[in-house]
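Structural overview
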Amino acid sequence: MLLAIETSCDDTAACLYQDGQVLSHVVYRQEMHASFGGVIPEWASREHEVKLPLAIQAALSQAEKSYSDLKVVAAAQGPGLIGSLLIGSVYARALAAAWGIPFIGVHHLEAHVLSLELSERPISYPILVLVATGGHTHLFRVLHPLRMELVGRTIDDAVGEAFDKVAASLGLPYPGGPQIETIAQSGDKEAIAFPLPHTPNPWDFSFSGLKTAFLYARQKYPDLPLSDLCASWQHTVAVYLTEKLIGAAKAFQISRIGLVGGVAANAYLRQYLHTQAAAQGYDLYLAPMAYCMDNAAMIAVAAWHRYLNGLYSNLTDPPFAR
Ligand code: KG4
Ligand code: ZN
């Protein structure tokens, strides 16, 4: 019986996990950042402190278990907001010390990658996985659940961050991705052609120019329906991510590709990537919708692999922001 905790950013989550099965998982998404265009770190930590014990309690009671049933406890150790990480990490290490059970610190991005294993469909390795979140846009060549190599990353904004900034420029609440997706639903994706960004390393990403291009287009075409603008911009992001992912898969001769992280919850992106992967003969794995945004089930999967391999952490290991 493994208890996993996730508090890297603004979501407070707990999961009970055993033998490849999620027994219960609870996520409290913090609403108080909505009108500020992004997460206020100090508020996030304070809210974790209040909500984490409640999330763990709820996960235990949903699974009809108690603290004494736990055999191992895991928490996200980083990267993320240090104050937020400390709440989950210290809580987990205190539980491990009190109950005399192992503690496993998990890398947040490794956990996002392994959220693919929460899908019904069994996964095989190697696989090329794009982690698309509010803080990261990282492309990994995953050789084994615990062995991944960074192939490319954003040189400026993360893709989710670009969605959030574009939404904030329109006065829409944080997180902005779902807001843009909703507005784009009724729009014409061909209304505006945004240029695809270039980076010195072909497998890196850049989003700051694309974000600025949205702001310029909004000024240049004030009469264009917002839905058309959002649909065109979202389509460009989907084309860009897809070209990178499939392009890198081709270059590295890997036939399996995966998409995970908060931005993987975007239905347009999922559909576009699915169509392109099918047309070009790539085997696509998508994180289940329930496990795209931050959650503790993905922390549990990563910790489970470490547990099976005896890779425990020290109770003195501190969390890390980067
Ligand atoms: O993985 P996640 O929950 O947290 C991080 O590790 O950052 O990702 C959050 C990000 C936010 O930037 C949010 O706007 C974006 O994921 N996001 C979306 C959608 N749902 C969440 N972006 C585009 N479309 C969505 N439907
Ligand atoms: Zn995340």
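The structure contained in this document is the topic of the report that follows. (Residues numbered from 1 in each chain as written. Chains lettered and ligands numbered in written order. Predicted model: local features only at pLDDT ≥ 70, side-chain atom pairs only at ≥ 80, totals over all residues. Heavy atoms only, no water.)

This part covers the pattern of salt bridges. Scanning all chains against the criterion turns up eleven salt bridges. When the shortest N-O distance is used, the salt bridge between Lys211 and Asp157 registers 2.9 Å. Residue Lys211 is located in helix α6 (residues 208-220), and its partner Asp157 is located in the loop between β8 (147-153) and α4 (159-169); the two are separated by 54 residues in the primary sequence. For Lys211, a relative accessible area of 15% translates into the label buried. Judged by relative accessible area, which is 8%, Asp157 ranks as buried. For the salt bridge of Lys165 with Glu161, the shortest nitrogen-to-oxygen distance reads 3.1 Å. Remark: Glu161 and Lys165 occur in helix α4; sequence separation between them is four residues, near one turn of the helix. Here Lys165 falls in the partly exposed class, since its relative accessible area comes to 35%. By relative accessible area, which is 24% here, Glu161 ends up partly exposed. (Salt bridge = Lys/Arg side-chain N within 4 Å of Asp/Glu carboxyl O. Helix = DSSP H or I, 4+ residues; strand = E, 2+ residues; numbered from the N terminus. Buried < 20%, exposed > 50% of the residue type's maximum accessible area, 1.4 Å probe, protein only.)

For the zinc ion (ligand 2), the full set of protein donor atoms is His108 (NE2), His112 (NE2) and Asp294 (OD), and the range of their distances to it is 2.0 to 2.1 Å. Bound by four donor atoms, the zinc ion (ligand 2) shows angles of 95 to 135 degrees at the metal and therefore irregular coordination geometry. In the primary sequence, the donor residues of the zinc ion (ligand 2) line up as H-x3-H-x181-D. Here the residue His108 occupies a position in helix α3 (residues 108-114), and Asp294 occupies one in the loop between β10 (283-286) and α9 (297-308), the gap between them amounting to 186 residues. Of the two residues examined, His108 and Asp294, each falls in the buried class. (Donors = N, O, S within 2.8 Å, 3.2 Å for Na, K, Ca; no water. Tetrahedral: all angles 85-135°; square planar, octahedral: opposite > 155°, others 65-115°.)

Another aspect to go through is unusual backbone geometry. Each neighbour pair has its own omega, and for Gly78 with Pro79 the value is -5 degrees, a cis peptide bond. Within the fold, Pro79 resides in the loop between β4 (72-78) and α2 (82-99). Put simply, Tyr174 and Pro175 share a cis peptide bond, and its omega is -5 degrees. With respect to the secondary-structure elements, Pro175 resides in the loop between α4 and α5 (176-184). Even without being a glycine, Asp19 presents a positive backbone phi close to 45 degrees. Summarising the element assignment, Asp19 is placed in the loop between β2 (11-18) and β3 (21-29).

Turning to the sheet that holds strand β6 (residues 127-132), a few remarks are in order. Strand pairing in a sheet relies on backbone hydrogen bonds. The paired strands run either parallel or antiparallel. The mixed open sheet is built from five strands, whose spatial order is β8-β7-β6-β9-β10. Since the sheet does not close on itself, it has two edges, and those belong to β8 and β10, each with one partner. The sheet shows a mean angle of 25 degrees between the axes of neighbouring strands, direction not considered. One ladder, built from six bridges, connects strand β7 (residues 137-144) with β8; its direction is antiparallel. Counted as the bridge partner of Val142 is Met148 from β8. (Pairing = 2+ DSSP bridges. Axes fitted to C-alpha atoms, helices over the stretch in contact; angles between N-to-C directions.)

Below, the discussion takes up α2. Residues separated by three or four positions in an α-helix point in the same direction, a consequence of the helix having 3.6 residues per turn. The end-to-end C-alpha separation of α2 is 25 Å, in line with the 26 Å expected for 18 residues at 1.5 Å each. Listed as buried for α2 are Ser84, Leu85, Ile87, Gly88, Ser89, Ala92, Arg93, Leu95 and Ala96. Packed against the buried residues of α2 are β1 (2-6), α1 (41-62), β4 and β5 (103-107). Taken from the residues just after α2, Gly100 is the one with a positive phi, measuring 65 degrees. (Expected span 1.5 Å × (residues − 1). Contact = heavy atoms within 4.5 Å.)

Both β6 and β7 contribute to a ladder of six bridges, which runs antiparallel. Note that in β7 the partner of Val131 across the bridge is His138. Turn length for the β6-β7 hairpin, with the two strands adjacent in sequence and antiparallel, is four residues. A loop of two residues connects β7 with β8, the two strands running antiparallel in sequence.

On to the packing of aromatic side chains. All told, the structure shown has nine aromatic pairs when counted by the stated rule. Judged by centre distance (5.6 Å) and plane angle (65 degrees), the ring pair of Tyr17 and Trp304 falls under edge-to-face. Of this pair, Tyr17 sits in strand β2 while Trp304 sits in helix α9, and the two are 287 residues apart along the sequence. Accessibility classification places Tyr17 together with Trp304 in one group, the buried group. Plain terms: the ring middles of Trp304 and Tyr307 are 5.6 Å apart, the flat faces sit at 40 degrees to each other, and that makes the pair tilted. Of this pair, Trp304 and Tyr307 both sit in helix α9, separated by three residues, roughly a single helical turn. Through pairs of rings, three or more aromatic residues link up here, namely Tyr17, Trp304, Tyr307 and Tyr312. In this structure, Lys51 is placed above the aromatic ring of Tyr28, and the distance from its NZ or CZ to the ring centre is 5.7 Å. Looking at Arg121, its charged tip hangs above the ring of Tyr285, at a distance of 3.9 Å from the centre. (Phe/Tyr/Trp six-rings, centres within 6.5 Å; stacked < 30°, edge-to-face > 60°. Lys NZ or Arg CZ within 6 Å of the ring centre and 35° of its normal.)

On their own, these measurements won't tell you what the molecule is for.
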